[in-house]
Amino acid sequence: MNAYAPILVLGALGAGFAIFSVVMATLVGPRRYNRAKLEAYECGIEPTPQPSGGGRFPIKYYLTAMLFIVFDIEIVFLYPWAVTFDALGLFGLVEMLLFALTVFVAYAYVWRRGGLEWD
């Protein structure tokens, strides 16, 4: 348990700072509300009414999100592999090449479907 004490202390400090910041902002911050401040902000554009189902998103949105998640997962697995590369040897190299190949297949799929082209 002593090995995890610094991590727990750092997590507690981070959570304490976040809670303190939110509480102080609500107590000390200005309270001048009007109709313009309470409306949804859409980058300066007047919000348009949406259908009851929420509307449809283009497929490019989902393809881009899928590609982002795939590359995030690749980085999560690539960092520990790089740290223990010497200990894994040839087995680790082959496994990472297979993993990179599957990531490349996802990238090629998104590229072929036109998810990287913005009109």
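In the nomenclature of an unreviewed UniProt entry, the protein chain is known as NADH-quinone oxidoreductase subunit A of Streptomyces piniterrae. Listed in UniProt under the heading Subunit (unreviewed entry), the comment for the protein chain reads: "NDH-1 is composed of 14 different subunits. Subunits NuoA, H, J, K, L, M, N constitute the membrane sector of the complex." Under the UniProt heading Catalytic activity (unreviewed entry), the entry covering the protein chain gives this text: "a quinone + NADH + 5 H(+)(in) = a quinol + NAD(+) + 4 H(+)(out)".

Moving on: the packing of aromatic side chains. A full pass over the atoms with the stated rule returns four aromatic pairs. Taken together, a centroid distance of 5.5 Å and an interplanar angle of 80° make the contact between F77 and F99 edge-to-face. Here F99 lies in helix 4 (residues 85-112) and F77 lies in helix 3 (residues 59-83), a separation of 22 residues in the sequence. By relative accessible area, F99 is classed as partly exposed at 22%. Measuring from centroid to centroid gives 5.1 Å for W81 and F85, while their planes differ by 75°, and the two rings are edge-to-face. We classify F85 as partly exposed; its relative accessible area is 34%. Feature note: the residues F71, Y107 and W111 constitute an aromatic cluster, connected by ring pairs.

A few words on the packing of helix 3 against helix 4. Helix packing for two helices is described by the angle between their axes and how far apart those axes are. Contact geometry of helix 3 with helix 4 gives a least axis separation of 10 Å together with a crossing angle of 170°. Taken together, the axes of helix 3 and helix 4 are roughly antiparallel relative to one another. Contacts between helix 3 and helix 4 involve L63, M66, L67, V70, F71, I73, E74, F77, L78, W81, A82 and V83 on the former and, on the latter, F85, L88, G92, L93, M96, F99, V103, A106, Y107, Y109 and V110. Looking at the contact of helix 3 with helix 4 residue by residue, the class counts come to 21 nonpolar, one polar and one charged.

A few words on helix 4. Between the first and last C-alpha of helix 4 there are merely 33 Å, a value that for 28 residues lags more than 12% behind the 40 Å anticipated at 1.5 Å per step. At F91, helix 4 shows its maximal bend, which comes to roughly 75°. Listed as buried for helix 4 are G92, M96, V103, A106 and V110. Trailing helix 4 by a residue or two, G114 shows a phi angle of about 85°, which is positive.

Here is what the cut-offs are and how they apply
Residues numbered from 1 in each chain as written. Predicted model: local features only at pLDDT ≥ 70, side-chain atom pairs only at ≥ 80, totals over all residues. Heavy atoms only, no water. UniProt positions renumbered as here; feature names shortened; annotations may be inferred. Phe/Tyr/Trp six-rings, centres within 6.5 Å; stacked < 30°, edge-to-face > 60°. Helix = DSSP H or I, 4+ residues; strand = E, 2+ residues; numbered from the N terminus. Buried < 20%, exposed > 50% of the residue type's maximum accessible area, 1.4 Å probe, protein only. Axes fitted to C-alpha atoms, helices over the stretch in contact; angles between N-to-C directions. Parallel < 35°, antiparallel > 145°, perpendicular 65-115°, else oblique. Contact = heavy atoms within 4.5 Å. Nonpolar A, V, L, I, M, F, W, Y, C, P; charged D, E, K, R; others polar. Expected span 1.5 Å × (residues − 1). Bend = angle between axes of the 7 residues up to and from the residue.

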